[in-house]
Amino acid sequence: MNKRQIESIKARQILDSRGNPTLEAVVVLNDGSIGRAAVPSGASTGEHELAELRDNDPSLYLGKGVTQAVGQVTQTILPALKGKNISAQQEIDQILTALADDQGRKLGSNAMLGVSLACAKAAAISYRLPLYRYLGGSNANILPVPMMNILNGGAHASNNLDIQELMIIPHKAESFSQALEQCCRVYHRLKEILKEKGLCTAVGDEGGFAPNLGSEDEAFGLLMQAIDRAGFMPEEDFVLGIDAAASEWANPIPQSPDESMPDKPYTLPKSNLSYTAEELIAHWEGLCAKYPIRSIEDPLGENDWQSFVQITHRLRSRIQIVGDDLFVTNPERIREGIGMKAANAVLIKPNQIGTLSQTLEAVQIAQRAGWKTILSHRSGETEDCCIADIAVACGAGQIKTGAPCRGERTAKYNQLLRIEESLNSSNSLHIARFGLA
């Protein structure tokens, strides 16, 4: 009898970092091992990502409850997985995907991912291995560079900044712990500067500061000042990254022949500025020439493939063009993007695709094409820190998990510190170098 079989699966409704319900799955094996996983949720979501299952009952949690997804775990998923070999992650995930298809995609990414991750955690515990080692084997020894979001805007904050994330990236650190310390130093210096200027130091969904600012230039100027005050040199010690989340700016496509296409398909909702795709690309080129920006995520809309091709052609030799809403961690969309040369990096969010196996496949496809890969949290997070392990397991090289503020963000950084300590003790540590070379 196989000692590592799924004995039971259950789920419960818990809260994420925005006070909204999310799903937590628990997988119990017949050797007593228990794996538990909680699922994050995004505020700025791509239209092509796998949808969550929500209750839509306005009398409970304003319609955001996940009791239906909890029910799917016990009523649909458990009967299909009970007795399965926990070591067969790919088979487990194929069953989950088939169930979702059979159910008309009604399982929801939250039910699927919760169970998929909980199975991997239960297996790792059963084999007495850390999750990163169970998933990545002996080659899992590269710590990711943090892309730390320290100024929030867009859908992640109620301020007047249209760019969703402004990030600092320490690309000269010799270890993850050193990179984290450097980022924290800049973060605290930024807070000092904001206080001195009489600006708000409240934080957004991902822990970054969210003051009202006069312009993008003021925002970038604050980052440059903070880096300098922390004792570092912009470009030499730190480069910058942005997540434009430009899908949020795309004007609606006309639904009837009587409506005409807008002259400028992009309108920034907070500043009310409008751009054509060409003007928006030129805007990003200008910012990259003015500031040490080396990574731009979602610079254009999630359906604007040709404009992604254009900006990648123009900037790829020096700028990381990251697709998030464009690819939504979907292996097929990533393959399409590789064929079109529509980016040179991809953001990886497990809940966009629904299973761990598909997430790892997405990473492998991108890496084989020479693209950079970035593991990412969501704005609605939990204390679950599995993306830290996944980043190390697949050698992602970079990670986005917010500012060094709010427990659901620091949980991921703290887990990476633990992994670094473990790797140091076995003399197998390397920190990834940020860059496109």
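Residues numbered from 1 in each chain as written. Predicted model: local features only at pLDDT ≥ 70, side-chain atom pairs only at ≥ 80, totals over all residues. Heavy atoms only, no water.

Considering the pairing of strand S13 (residues 345-348)
Going residue by residue along S13, you find Ala345 and Leu347 tucked away on one face and Val346 and Ile348 tucked away on the opposite face as well. Looking at chain direction, strand S12 (residues 320-323) and S13 are connected through two bridges and run parallel. Opposite valine 322, over in S13, you have alanine 345 as the bridge partner. The handedness of the S12 to S13 crossover, carried by helix H9 (residues 331-340), is right-handed. Where S13 lies against strand S14 (residues 372-376), four bridges are found, and the strand directions are parallel. Residue pairing across strands places alanine 345 opposite lysine 372, the latter belonging to S14. (Buried < 20%, exposed > 50% of the residue type's maximum accessible area, 1.4 Å probe, protein only. Helix = DSSP H or I, 4+ residues; strand = E, 2+ residues; numbered from the N terminus. Pairing = 2+ DSSP bridges. Right-handed = clockwise from strand over helix to strand, strands pointing away.)

Regarding the sheet that holds strand S1 (residues 6-15)
Spatially, three strands are ordered S1-S2-S3 in an open sheet, and the strand pairing comes out antiparallel. Lying at the two open borders of the sheet, with one neighbouring strand each, are S1 and strand S3 (34-38). Going across the sheet, the axis of each strand differs from the next one's by a mean of 15°, ignoring polarity. Summarising the sheet, S1 and strand S2 (residues 21-29) pair through nine bridges and their orientation is antiparallel. Among the inter-strand pairings, lysine 10 is bridged to a residue of S2, identified as valine 26. Relative to S2, helix H3 (residues 108-126) is tilted by about 35°, and along the sheet it contacts S1, S2 and S3. (Axes fitted to C-alpha atoms, helices over the stretch in contact; angles between N-to-C directions. Contact = heavy atoms within 4.5 Å.)

Comments concerning the sheet that holds S13
With mixed pairing, nine strands are arranged side by side in an open sheet as S5-S15-S14-S13-S12-S11-S8-S7-S6. Every other strand in the sheet has two partners, leaving strand S5 (145-146) and strand S6 (148-152) as the edge strands with one partner each. Along the sheet, helix H7 (residues 277-290) contacts strand S8 (238-243) and strand S11 (293-297); its crossing angle with S11, the most-contacted strand, is approximately 150°.

Section: the pattern of salt bridges
Taken as a whole and judged by the stated rule, the model has 26 salt bridges. Linking glutamate 24 and arginine 36 is a salt bridge whose minimum nitrogen-to-oxygen distance equals 3.8 Å. Residue glutamate 24 is located in strand S2, and its partner arginine 36 is located in strand S3; the two are separated by twelve residues in the primary sequence. Arginine 189 is the partner of glutamate 192 in a salt bridge, and the nearest nitrogen-oxygen pair spans 2.7 Å. In this pair, glutamate 192 and arginine 189 are both assigned in helix H5 (residues 176-196), three residues apart and thus about one turn of the helix distant. (Salt bridge = Lys/Arg side-chain N within 4 Å of Asp/Glu carboxyl O.)

Some words on the packing of aromatic side chains
In this structure the tally under the stated criterion is seven aromatic pairs. Ring pairs connect the aromatic residues Trp305, Phe327 and Trp371, which therefore count as one cluster. The residue whose ring lies beneath arginine 4 is tyrosine 127, and the NZ or CZ to ring-centre distance is 3.7 Å. (Phe/Tyr/Trp six-rings, centres within 6.5 Å; stacked < 30°, edge-to-face > 60°. Lys NZ or Arg CZ within 6 Å of the ring centre and 35° of its normal.)

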